[in-house]
Amino acid sequence: MSKLHHRAGTLGDRNDPVALTPDDVGWTYTGLRVLRLEAGESRTVHTGEFEAFILPLSGSCTVRVDGLTFELEGRETVFTRVTDFAYVPRDAEVELTTTHGIEVALPMARCTRRLEPKYGPADKVPVEVRGAGVATRQVTGFGVPGIWDHADKLNACELITPGGNWSSYPPHKHDEASDCEVVNEEIYYFRIADRDGITPSPRGFGMHRTYTADGALDENVAVRDGDVFLVPHGYHGPCIAAPGYAMYYLNVLAGPALDRSMSFCDDPDYSWVRSHWADEPLDPRCPVTSHEGRRE
């Protein structure tokens, strides 16, 4: 298997399905944890040199940090609703408590500034429909610059790609400082819905591509529910959802730039596609969710 592609369960255990630090990867900034808490369980997390978002994937929780308490109203699954979230700073002791059980993601970035904890309500999270035709997808920009500016290095967003559609397209990169891009290390964390479009399941799958122009990196992999793909450099995209199986992924990005940015450059061979979207209809399945719930 590729050193960049990690199957579900290979980066952690039952209680911590994903435990990934920059040192594990051999880069500098970006990390991800996914935790599972049973009903009535509490867990204490020490952030150390990392800032993080507390992002419910399924279920709800209470977050206590620096004497503050945030009640996060979550969701049944990532395919049913946009969720509340919280920002927690480096050098913090964070207590997570859940009444009914929760699976929660902690996108992380190594940083130097310590900011205050902050609550992010779901009704303030923008949902954007991007692309057109079979490249229509939903982007939930809960932790991106210009929308959420309360972070030192950390950037994060969620995407939902309806079954049969393409996202992260045209392929793009952000591995050097230039007129159109900044350097960011990126993690893709995938969830794949079953036939009901709601319940994550190992039955469905999607495809992901990462490559460099010189061919030194050329990865084309099938991704399943819970998989992780690491993007240290190079163009990445498309992500393709198999027909009948919606795809979700959490993007986590961080890098050395003094000002947070998610700027990128398209692969010039494919950037022309954007100009044709104005003439194509949007897929009516998007947006899939909002803070009010799933769009039926």
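Refer to the structure above for everything that follows.
Residues numbered from 1 in each chain as written. Predicted model: local features only at pLDDT ≥ 70, side-chain atom pairs only at ≥ 80, totals over all residues. Heavy atoms only, no water.

Caption draft 1: Local environment of the sheet that holds strand S11 (residues 127–130). Pairing is antiparallel across the open sheet formed by 7 strands, whose spatial order is S1-S19-S16-S21-S13-S12-S11. Single-partner strands in this sheet number two, and they are strand S1 (5–6) and S11. Bridge analysis of strand S13 (residues 155–161) against strand S21 (residues 247–254) gives 7 bridges, and the strand direction is antiparallel. Each bridged residue has a counterpart across the sheet, and for Ala156 the counterpart in S21 is Val252. (Pairing = 2+ DSSP bridges. Helix = DSSP H or I, 4+ residues; strand = E, 2+ residues; numbered from the N terminus.)

Caption draft 2: Fine view of the environment of Gly120. Looking at the secondary structure, you find Gly120 in strand S10 (residues 118–120). The class for Gly120 is buried, based on a relative accessible area of 0%. The sequence separation of Gly120 and Phe53 amounts to 67 residues, and the corresponding C-alpha distance is 9.5 Å. Here Gly120 is in contact with Asp84, Phe85, Ala86 and Trp148, once residues within four sequence places are set aside. (Buried < 20%, exposed > 50% of the residue type's maximum accessible area, 1.4 Å probe, protein only. Contact = heavy atoms within 4.5 Å.)

Caption draft 3: Quick peek at the nonpolar core. Ranked by size, the top nonpolar core spans 57 residues in total, and within it Leu32 and Leu250 carry the most contacts. Ranked by residue count, the leading element in this core is S21, at 6 residues. Setting aside chain neighbours within four positions, we find Leu250 in contact with Leu32, Leu55, Ala105, Pro107, Phe142, Cys157, Glu158, Ile187, Tyr188 and Tyr189. In this structure, Val45, Ala52, Val65 and Leu106 belong to the second largest nonpolar core, which totals 20 residues. (Core = buried A, V, L, I, M, F, W, Y, C linked by side-chain atoms within 4.5 Å.)

Caption draft 4: Structural context of the pairing of strand S9 (residues 102–110). Along S9, 9 of the 9 residues are buried, which leaves the element largely enclosed by surrounding structure. Side chains Ile102, Val104, Leu106, Met108 and Arg110 of S9 all project onto a buried face; the interleaved residues Glu103, Ala105, Pro107 and Ala109 project onto the opposite face, where all are buried too. Where strand S3 (residues 30–37) meets S9, 8 bridges bridge the pair, whose relative direction is antiparallel. Note that in S9 the partner of Leu32 across the bridge is Pro107. When strand S5 (residues 50–65) meets S9, the two strands line up antiparallel, connected through 7 bridges.

Caption draft 5: Spotlight on the pattern of salt bridges. Enumeration over the complete set of coordinates arrives at 24 salt bridges. In this structure, Asp16 engages Arg43 in a salt bridge whose closest nitrogen and oxygen atoms are separated by 3.5 Å. Of this pair, Asp16 sits in the loop between S1 and strand S2 (18–20) while Arg43 sits in strand S4 (residues 42–46); the two residues are 27 residues apart in sequence, bridging distant segments of the chain. Here Asp16 matches Arg43 in class, with each residue buried. Between Arg110 and Glu49 there is a salt bridge, with the nearest N and O atoms lying 3.1 Å from each other. Placement of the pair is Arg110 in strand S9 and Glu49 in the loop between S4 and S5, with a sequence separation of 61 residues. (Salt bridge = Lys/Arg side-chain N within 4 Å of Asp/Glu carboxyl O.)

Caption draft 6: A look at the side chain of Glu181. Following the sequence through the fold, Glu181 ends up in the loop between strand S15 (172–173) and strand S16 (185–192). Overall, the relative accessible area of 3% leaves Glu181 in the buried class. Ignoring sequence-local partners within four residues, the contact set of Glu181 consists of Lys173, His174, Asp175, Glu176, Ser263, Phe264 and Cys265.

Caption draft 7: Structural view of the pairing of S3. S3 sits mainly inside the fold: 6 of its 8 residues count as buried. Where S2 and S3 come together, 3 bridges link them in antiparallel fashion. Residue pairing across strands places Val18 opposite Val34, the latter belonging to S3.

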